[in-house]
Amino acid sequence: MEEERIKVLSFPSDSPPLSIIAAAKIAGIALPTQTSTSGSLTLSFSNGLELHGNYVILRYIGRVAAIRNFYGDDAFHAAQIDEWLEYAPTLLLGSEFENACSYMDIYMEKRTFFVSHSFSIADIAIWSGLAGAGQRWESLRKSSKYRNLVRWYNSVSAEYSDALNEVTALYVGKKGLGKQVAAKPKEQKSADGNSSDKVNLGSRPSSEIDLPYAELGKVRLRFAPEPSGYLHIGHSKAALLNQYFAQRYQGEVILRFDDTNPTKESNEFVENLIKDVETLGIKYQKITYTSDYFPKLMDMAEKLIKEGKAYVDDTPREQMQKERMDGIESKCRSNSVEENLKLWKEMIAGSERGLQCCLRGKLDMQDPNKSLRDPVYYRCNPVPHHRIGAKYKLYPTYDFACPFVDAEEGITHALRSSEYHDRNAQYYRIQEDMGMRKVHIYEFSRLNMVYTLLSKRKLLWFVQNGKVDGWDDPRFPTVQGIVRRGLKIEALIQFILEQGASKNLNLMEWDKLWTINKKIIDPVCPRHTAVIEERKVLLTLTDGPDEPFVRIIPRHKKYDGAGEKATTFTKRIWIDYADAEYISVNEEVTLMDWGNAIVKEIIKDQDGNITQLVGVLHLQGSVKTTKLKLTWLAETSELVNLSLVEFDYLITKKKLEEGEDFLDALNPCTKKEIAAIGDSNIRNLKQGEILQLERKGYFRCDVPFVRPSKPVVLIAIPDGRQQSMLK
């Protein structure tokens, strides 16, 4: 019987089977539900058969779900799961609740899951019993009384948040399990809390995540980028999570450069990666390089050859790939140790014969997990290494070097994105073959952003083909690129830590990140004024001041720390053409930071374009009664030439599908420049300073004032509203 033949799950309206519904959600099993007046819990099938009872049905879900070890990996573990299913109802017995919590807290002290090393229906049953207790469990969860149990509960809640949040929103209220309630939209936490607070890595994700087997003061982590590009937003998640866990467990982080491919790597990338890591505020204990371990890696490779755990293969690459896919053993797999060592020396020498070969691990060519089908450990490459020159003619693969160096450096936990999940078994097997200490792998989901390429190979294409100005281009998702576009690091940290170490694969919107950023910059950034150069309109105030005068006013009306600016008042002022179009004759308008005026005359050219306005001041008028609030600039020689630059996404598709060529989705227009004039105070801006141009949006000073003929370049900062700010 297959799960797709399920017809409906019926249950009493006042006792929904949380564990069954949650298990089906997590397993991706379609489970239509309906409430029943009969008082019984029934799973009906399309052929008329039925199953009855909570844990009978839960066991069925466990058996048919396509999740490994969901109902145990052998008969003994299945029996252990049955024990916990029988124990779970204890949680709903009022007098036994805390006793049960105490028992499970002690039991979970050194465990990640309730049975064996896999998430199972036992975990779901216990989780559902706790969640179903409502406020009673929540109050205990917030205390420090049952830390091990809470750690486990929070970890499950975070890992399967989408499914579990949906189920609890429907069926669990403050008093616990009960009738189905209307689903409420998720509450959005204030992105910045207090505007003056700065986010730091002491902040914890909304669902606290724990590292299995972590001991306080003994955690050692590594952030190991390859120096083949600049750090991008995806890498930032890995770096910040490493720092978060290191701080939480009073451990340390090593910054290691995985420099095993000299064809792609350079010192420029090393230097900029260090710069980017420090920009993120990562406190690393030391910097190491995989290339530091090349001699030891060579010795280990030779040891494995002598032990018959590795062999040299000269099969052409395409044929080798096909054989691995088909589970066909290489003709070289049965070579003698002597033959392998002979060819290994040819590889070391970089001879013509050696260049035809690679070193492969002898693992299992029939394993369903293709990463275990004799992976490549070493390849020849005559290109000089950026650190050590031409000393070597062959280099280890990441798959071979990483488990060795992790163990050698005393790493306790290797954080890896879940895209490498299938390679975890390979990592552990290689460490086992090497006879090295096991390092625990902890997975988190890769950070994917809409309309964004994170592949360094694809980003390099844009650099090499002149589509961007460099790796720090504001259109790039690199740390340097997004900072240059005006993103505050505090916003990036908050954005990433809000996701925690979730394993759910999410495609994130840039708007959310820019909205967080706006809440950080708006309360403190200074205000300035600009008028678009094209078709700007002169407004002559006939009763305006005969002689220009200057007033000193705040750069931010609500934040003294922004300082002051000088504003000039004259008879003749510039306004935007877009504003002039909305003005009618005899209309009263407000001139911001001055007062009201009445426009008496609108002068147009033969094509109907507005060329001039004439008006009179009406400073006693109320700003509350006017429809138009106008930004303006005095006509003086002190105005600053500006270039306002706005950027768009590099590609036109939210997400590229598997096999889809990014070149087919290139955005033909990704940069827009508009000439403008700005107030005289803008000449004092420093590079990197963020400001708001009144009624035009937020900008970052990219090129400060040098001389009158060279415009100040201001880059538009998105604010999460999507529409263009350059009207």
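Counting of residues starts from 1 at the beginning of each chain's written sequence and follows it residue by residue. Totals for whole chains, interfaces and linings use all residues, but because this is a predicted model, local features are given only for residues with pLDDT of at least 70 and pairs of side-chain atoms are given and counted only at 80 or more. Note that water and hydrogens are dropped before the side-chain values are worked out from all heavy atoms of the structure.

Caption draft 1: View of the overall build of the protein chain. Counting from the N terminus, the helices are the DSSP runs of H or I reaching at least four residues and the strands are the DSSP runs of E reaching at least two. Each helix and strand counted, the protein chain has 20 helices and 33 strands in total. Expressed as lengths along the three principal axes of its C-alpha atoms, the size of the protein chain is roughly 95 × 80 × 50 Å. Should any heavy atoms of two residues lie within 4.5 Å, those residues are considered in contact. Sequence separation of at least 24 residues holds for 71% of the intrachain contacts in the protein chain that already meet a minimum separation of 6. Surface exposure here means Shrake-Rupley accessible area, sampled with a 1.4 Å probe, where a residue is shielded only by the protein chains that are shown. As displayed, the protein chain offers around 34,000 Å² of accessible surface, 48% of which is attributable to carbon and sulfur atoms. Looking at charge distribution, the protein chain has the averaged site of its 99 positive side-chain charges lying 2 Å from that of its 99 negative ones. For the charge count, each Lys or Arg is scored as positive and each Asp or Glu as negative, with His and the chain ends excluded. A charge is said to be at NZ when it belongs to Lys, at CZ for Arg, at CG for Asp and at CD for Glu.

Caption draft 2: The environment of aspartate 648, seen in detail. Tracing the backbone shows aspartate 648 in the loop between strand 29 (640–647) and strand 30 (671–678). Considering only alpha carbons, one finds aspartate 648 and proline 668, 20 residues apart in sequence, at a separation of 10.0 Å. Sequence-distant contacts of aspartate 648, that is, excluding residues within four places in its chain, are made with Arg475, Arg485, Asn667, Cys669 and Thr670. The term polar contact refers here to a pair of N or O atoms within 3.5 Å; inside protein, the definition further demands a hydrogen-donor-capable atom paired with an acceptor-capable atom, and it admits residues adjacent in sequence only when both atoms are side-chain atoms. A polar side-chain atom of aspartate 648 sits 3.3 Å from a polar atom in the side chain of asparagine 667.

Caption draft 3: The arrangement of the pairing of strand 3 (residues 42–45) in detail. Only protein chains enter the accessibility calculation, which uses a 1.4 Å probe; a residue is then buried when its area is under 20% of its type maximum, exposed when over 50%, and partly exposed in between. The alternating pattern of strand 3 places Thr42 and Ser44 and Leu43 and Phe45 on opposite faces, both of which are buried. Paired strands, as defined in this entry, are two strands with at least two bridges between them according to DSSP. Pairing of strand 1 (residues 6–12) with strand 3 involves four bridges; the strand directions are antiparallel. The partner of serine 10 across the bridge, within strand 3, is threonine 42. Bridging between strand 3 and strand 4 (residues 50–52) involves three bridges; their strand directions are antiparallel. Bridging from a neighbouring strand, threonine 42 pairs with histidine 52 of strand 4. Between strand 3 and strand 4, which pair antiparallel and follow one another directly, the connecting turn spans four residues, one of which, glycine 48, has a positive phi of 95°.

Caption draft 4: Fine view of the sheet that holds strand 11 (residues 358–361). Strand order in the open sheet made by the four strands is 10-11-12-13, with antiparallel pairing throughout. Two strands bound the open sheet, and with one partner strand each, they are strand 10 (310–313) and strand 13 (394–396). Ignoring strand direction, the axes of neighbouring strands in this sheet form an average angle of 20°. Whenever a helix is involved, its axis is fitted only over the stretch in contact; in every case the axis is a line through C-alpha atoms, and angles between N-to-C directions fall within 0 to 180 degrees.

Caption draft 5: Fine view of the domain arrangement of the protein chain. On domain assignment, one finds that the protein chain holds domain 1 (6–172) and domain 2 (538–575 + 577–630). Each domain's limits were defined by an automated method or a database of domain assignments. For domain 1 and domain 2, the distance between their C-alpha centres works out to 67 Å.

Caption draft 6: Examining the packing of aromatic side chains more closely. Note on aromatic pairs: the rings of Phe, Tyr and Trp (six-membered ring only in Trp) are paired at centre separations within 6.5 Å, and the planes decide the class, stacked below 30 degrees, edge-to-face beyond 60, tilted for the rest. Enumeration over the complete set of coordinates arrives at 37 aromatic pairs. Between tyrosine 230 and phenylalanine 269, the aromatic rings sit 6.1 Å apart at their centres with planes inclined by 80°, giving edge-to-face as the arrangement. One end of the pair, tyrosine 230, is in the loop between strand 7 (220–223) and helix 9 (233–248); the other, phenylalanine 269, is in helix 10 (residues 267–279), with 39 residues separating them in the sequence. For the pair tyrosine 230 and phenylalanine 269, a shared accessibility class is recorded, and that class is buried. With a centroid separation of 6.5 Å and an interplanar angle of 25°, the aromatic rings of tryptophan 510 and tryptophan 514 are classed as stacked. Of this pair, tryptophan 510 and tryptophan 514 both sit in helix 19 (residues 510–521), four residues apart, which is roughly one turn of that helix. Comparing tryptophan 510 with tryptophan 514, the two get one shared label, buried.

Caption draft 7: Structural view of empty space enclosed by the protein. In the cavity and pocket records, a cavity denotes points on a 1 Å grid over the protein atoms alone where a 1.4 Å probe fits but cannot get out, a pocket denotes an open set with protein on both sides within 12 Å along at least 5 of 7 lines, and lining residues are residues with an atom within 4 Å of a point. Grid points are joined across faces, edges and corners, and a volume is the space filled by probe spheres set on the points. Tallied over the entire structure, the rule returns four cavities of 30 Å³ or more. Taken as a whole, the largest cavity holds about 170 Å³ of empty space. Counting only elements with at least two residues in the lining of the largest cavity, the list comes to helix 16 (456–464) and helix 19. Classification used: nonpolar for Ala, Val, Leu, Ile, Met, Phe, Trp, Tyr, Cys and Pro, charged for Asp, Glu, Lys and Arg, polar for all others including Gly. For the lining of the largest cavity, the class distribution of residues is 13 nonpolar, one polar and three charged.

Caption draft 8: Local environment of unusual backbone geometry. Within the chain, tyrosine 451 stands out as a residue other than glycine whose phi angle is a positive 55°. Among the secondary structure elements, tyrosine 451 is positioned in the loop between strand 16 (448–449) and helix 16.

Caption draft 9: Here's a closer look at the packing of helix 4 (residues 97–107) against helix 7 (residues 147–159). Where helix 4 meets helix 7, the closest approach of the two axes is 7 Å, and the angle between their N-to-C directions is 80°. Judged by the inter-axis angle, helix 4 sits roughly perpendicular to helix 7. Here Cys101, Met104 and Asp105 of helix 4 lie close against helix 7, whose contacting residues are Arg147, Asn148 and Leu149. Split by residue class, the contact of helix 4 with helix 7 holds three nonpolar, one polar and two charged. Relative orientations are named as follows: roughly parallel for angles under 35 degrees, roughly antiparallel for angles over 145 degrees, roughly perpendicular for angles from 65 to 115 degrees, and oblique for any other angle.

Caption draft 10: Representation of helix 5 (residues 121–131) within the structure. Taking burial as the measure, the 11 residues of helix 5 include 11 buried ones, the bulk of the element. The complete set of buried residues in helix 5 reads Ile121, Ala122, Asp123, Ile124, Ala125, Ile126, Trp127, Ser128, Gly129, Leu130 and Ala131.

Caption draft 11: Inspection of the sheet that holds strand 27 (residues 629–630) at higher detail. Spatially, the seven strands line up as an open sheet ordered 27-24-25-26-20-23-28, and their pairing is mixed. Each of the sheet's edge strands pairs with one partner strand only, and the pair in question is strand 27 and strand 28 (633–634). By the bridge criterion, four bridges tie strand 20 (residues 537–541) to strand 26 (residues 610–617) in an arrangement that is parallel. What sits directly across from leucine 541, in strand 26, is glycine 615.

Caption draft 12: Molecular detail of the pattern of salt bridges. For this document, the term salt bridge refers to a Lys or Arg side-chain nitrogen within 4 Å of an Asp or Glu carboxyl oxygen. Under the criterion given, the structure shown has 36 salt bridges. Close ionic contact of aspartate 313 with arginine 360 constitutes a salt bridge, the shortest N to O distance being 2.8 Å. With aspartate 313 in strand 10 and arginine 360 in strand 11, this pair connects stretches of sequence that are 47 residues apart. Taking relative accessible area as the criterion, aspartate 313 reaches 0% and is therefore assigned buried.

Caption draft 13: Representation of the environment of proline 545 within the structure. Examined against the element boundaries, proline 545 turns out to sit in the loop between strand 20 and strand 21 (549–554). Judged by its relative accessible area of 19%, proline 545 falls in the buried class. For the pair proline 545 and arginine 485, spaced 60 residues apart in sequence, the C-alpha to C-alpha distance is 40 Å. Dropping the residues within four chain positions of it, proline 545 is found in contact with Phe569, Thr570, Lys571 and Trp594.

Caption draft 14: Quick peek at the pairing of strand 31 (residues 690–693). Neither face of strand 31 is open: one carries Ile690 and Gln692, the other Leu691 and Leu693, and all of them are buried. Inspection of the sheet shows strand 18 (residues 527–528) paired to strand 31 by two bridges, in the parallel sense. Of the residues in strand 31, the one forming a bridge with arginine 527 is glutamine 692. Across four bridges, the pairing between strand 31 and strand 32 (residues 697–703) is antiparallel. Bridge assignment links leucine 691 to a residue of strand 32, and that residue is phenylalanine 699. Between strand 31 and strand 32, which pair antiparallel in sequence order, lie three residues; one of them, arginine 695, sits at a positive phi of approximately 65°.

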